Amino acid sequence: MNILVTGSNGQLGCELKKRTALLANANFFFTDVEELDITKEDDVNDFFKRNQIDFVVNCAAYTAVDKAETEQNLALSINYQAVSNLAEACSRYNSFLIHISTDYVFDGHGYKPYQEIDVVEPASVYGISKWRGEQVVKTLEKGIIIRTSWLYSNFGSNFVLTMQKLGSSRETVNVVFDQVGTPTFAGDLAKAIWKIIPQLTDWKEGVQIYHFSNEGVCSWYDFAREIMQRCKLKCQVTPIESKDYPTPAARPFYSVLNKTKIKQRFGLSIPHWKDALLEMLKNQKTKP
């Protein structure tokens, strides 16, 4: 089977590249904007026509949450229009689309883990752009949307790498304690995707939405403290309220995701976020 991974230089794309051995009898096309600009409809159609794509894992996304408030057109171009191009090509060439979305489609005013059927109310331009991308995928005859949260890895820019850098250069760092969710190690999501794909070959369930993050719950403050402790950094983490750290884009105050549906449907066992962090850090130490 031929598998196209878009946005392959991002965190999830890089973790998928590392784990191709988990999927037998597959031919991979790892592309980023240099190889395939998915905002260009003709380029997408031509790529599908030439390569007979069976599965698409769309990791491409505009993820600069705050910049999106002033770069709305760019956010919509990547998170909505590009998804539309992929969806149209998948429909035309009978390909299966796996689309990665976000907890930011919720307003974060809930008090219990969000299920896939819960009302979507994005509170930021980024969240709106990702929600519009989801709407496009839902028009297909077959596909899945995987919403995730607080993604991190040894690649790109993310909270763990930022805390490591700050913890090595500062004595103290302020982190919000009133935003609660669950970190997700991109390596665990990558493993899940490669495990899911063989179960999609005779799919008769239309388009389904699933939630995936690591297990457990924490605040950004809790997460930062754990990072400092595990990395043996002496930087003190000070808890602050969100109002003391204003940002252009609204953040969900509560965005814990209920993962029952994806675990039951695909037989997944998901690590706790603390164990996942240790795994990420272990991989960091063994990097060449």
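Let me sum up the structure you'll find in this document. A quick note: this is a predicted structure, and the numbers were derived from the prediction, not measured.

Cut-offs and rules
Residues numbered from 1 in each chain as written. Predicted model: local features only at pLDDT ≥ 70, side-chain atom pairs only at ≥ 80, totals over all residues. Heavy atoms only, no water. Core = buried A, V, L, I, M, F, W, Y, C linked by side-chain atoms within 4.5 Å. Buried < 20%, exposed > 50% of the residue type's maximum accessible area, 1.4 Å probe, protein only. Helix = DSSP H or I, 4+ residues; strand = E, 2+ residues; numbered from the N terminus. Pairing = 2+ DSSP bridges. Axes fitted to C-alpha atoms, helices over the stretch in contact; angles between N-to-C directions. Contact = heavy atoms within 4.5 Å.

## What about the nonpolar core?
Within soluble globular proteins, side chains that are nonpolar tend to cluster in buried spots.
Then step 1. The biggest cluster of nonpolar side chains holds 28 residues, and the ones touching the most others in it are L16, V57, I146, I193, I197 and L200.
Then step 2. Secondary structure elements with two or more residues in this core: β1 (2–6), α1 (11–18), β3 (55–58), β4 (96–102), β5 (143–148), α6 (186–196) and α8 (260–266).
Then step 3. When residues in this core are grouped by element, the largest group, six residues, is from α6.
Then step 4. Among the nonpolar cores identified, the runner-up in size contains 25 residues, and C218, C235, A276 and L277 belong to it.

## Looking at the sheet that holds β4
Then step 1. The six strands lie next to each other as β2-β1-β3-β4-β5-β10, forming an open sheet whose pairing is parallel. A strand with exactly one partner marks an edge of an open sheet, and here the two such strands are β2 (27–30) and β10 (207–211). Along the sheet, successive strands turn relative to each other by an average axial angle of 15 degrees, direction set aside.
Then step 2. Two elements, β4 and β5, share six bridges in a ladder whose sense is parallel. Across the sheet, I98 pairs through a bridge with I144, a residue of β5.
Then step 3. Across the sheet, α1 lies against β1, β2, β3 and β4, angled at about 155 degrees from β2, the strand it touches most.
Then step 4. Running over the sheet, helix α2 (residues 41–51) touches β1, β2 and β3 and is turned about 155 degrees from β1.

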